[in-house]
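Chain by chain, the residues:
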Amino acid sequence: MIKLTEKAIDVQKVIDTASSLGAGAVDVFIGTVRNNAHGKTVLWLEYESYESMAIAEIKKIVDEACHQWPLLGWGVSHRIGTLKPGEVSVVVAVSTPHRRDAFEACQFIIDAIKERVPIWKKEVFEDGEEWISARPAASVLAHH
Amino acid sequence: MTILQCLQMISFADKDMNDNFILMRQLQLKTFGIAREILGAREVSLKSNAETVGMLRTELIHTYPSLGGLGSIMIAVNRQYAQDDNAISPDDEIAILPPVSGG
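All values reported here derive from a predicted model rather than from experimental measurement.

About the criteria used
Residues numbered from 1 in each chain as written. Chains lettered and ligands numbered in written order. Predicted model: local features only at pLDDT ≥ 70, side-chain atom pairs only at ≥ 80, totals over all residues. Heavy atoms only, no water. Contact = heavy atoms within 4.5 Å. Buried area = accessible area lost by both parts, 1.4 Å probe. Salt bridge = Lys/Arg side-chain N within 4 Å of Asp/Glu carboxyl O. Nonpolar A, V, L, I, M, F, W, Y, C, P; charged D, E, K, R; others polar. Helix = DSSP H or I, 4+ residues; strand = E, 2+ residues; numbered from the N terminus. Expected span 1.5 Å × (residues − 1). Buried < 20%, exposed > 50% of the residue type's maximum accessible area, 1.4 Å probe, protein only. Phe/Tyr/Trp six-rings, centres within 6.5 Å; stacked < 30°, edge-to-face > 60°. Lys NZ or Arg CZ within 6 Å of the ring centre and 35° of its normal.

Visitor: Can you tell me about the interface of chain A and chain B, naming the residues and giving the values?
Guide: Taken together, the contacts link 31 residues of chain A with 24 residues of chain B. Across the chain A/chain B interface, buried area totals approximately 2300 Å², and carbon plus sulfur atoms make up 58% of it. Between the two partners, chain A and chain B, sit two salt bridges. A salt bridge links A:Lys122 to B:Glu37, with the shortest nitrogen-to-oxygen separation between them at 3.1 Å. Of the residues contributing to the side of chain A that touches chain B, the split by class is 15 nonpolar, six polar and ten charged.

Laid out in structure tokens, this is it:
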């Protein structure tokens with residue numbers, strides 16, 4: 001399951017999608033909106049995506065994870081649109097027979113999403129707004 | 001593609017300073033994030049000489065200098081990150097991607 005959604009993410013649904021009777025571990029990463037950045041109060045975040053490419057890139061990342069760890073199930077859901085502090089922006093869930101693989105695979109997937117999936121966010125403050133620039137693009141091409 | 005369609009896609013620009021004719025093509029660009037704000041629309045139609053991703057990036061930074069200030073602009077061709085030597089044509093889905101910041 002890969003989903004980009006403008007509605008609140010159903011965290012339990014992502015976990016259920018990832019779960020498997022053969023698994024001894026389910027690892028879940030939940031990303032949330034911080035209420036502060038650079039010492040300023042964040043009012044809300046605006047997320048936008050290049051949806052078709054974002055879904056394709058997430059699929060590639062999950063495929064890479066499946067080659068590296070024995071995933072029995074997985075789910076990724078990313079929120080798009082306007083999010084207020086405290087809201088869930090992204091959920092990654094994976095299940096594996098043993099916990100170490102689940103921790104590692106989940107971390108790999110969320111790190112790769114932040115690094116190369118075409119999704120952008122803008123922080124809106126009381127006195128202005130700012131697009132967040134993440135990693136330099138050179139690290140993106142290194143994976144292709 | 002018919003010859004007529006080819007002719008419709010290819011347009012000749014005005015003479016440049018050296019009196020040479022330059023073959024220009026109309027490229028359709030999708031833009032996102034701060035690149036969308038700099039180019040002024042989600043979809044931009046651009047008359048361009050660029051035959052490759054690298055040439056397009058150079059043209060864009062020349063036309064929109066603030067793009068150059070972003071450090072790293074990636075260009076995707078048909079929903080794949082493209083290298084500078086990647087050829088481009090008016091049929092391609094070309095997207096201008098500022099540094100990503102999902103999560």
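Next comes the rest of the description.
Visitor: Describe helix α2 (residues 51-68) of chain A, listing the residues and the values that go with them.
Guide: Over its 18 residues, α2(A) extends 26 Å from the first C-alpha to the last, a length consistent with the 26 Å expected when each residue adds 1.5 Å. For α2(A), the complete set of buried residues consists of A:Met53, A:Ala54, A:Glu57, A:Ile58, A:Ile61, A:Val62 and A:Ala65.

Visitor: Outline the packing of aromatic side chains, supporting the account with residue identities and numerical values.
Guide: All told, the structure shown has three aromatic pairs over all chains when counted by the stated rule. Members of the aromatic cluster, each reached through a chain of ring pairs, are A:Tyr50, A:Trp120 and B:Phe32. We note A:Lys40 situated over the ring of A:Phe125; from NZ or CZ to the ring centre the distance is 4.4 Å.

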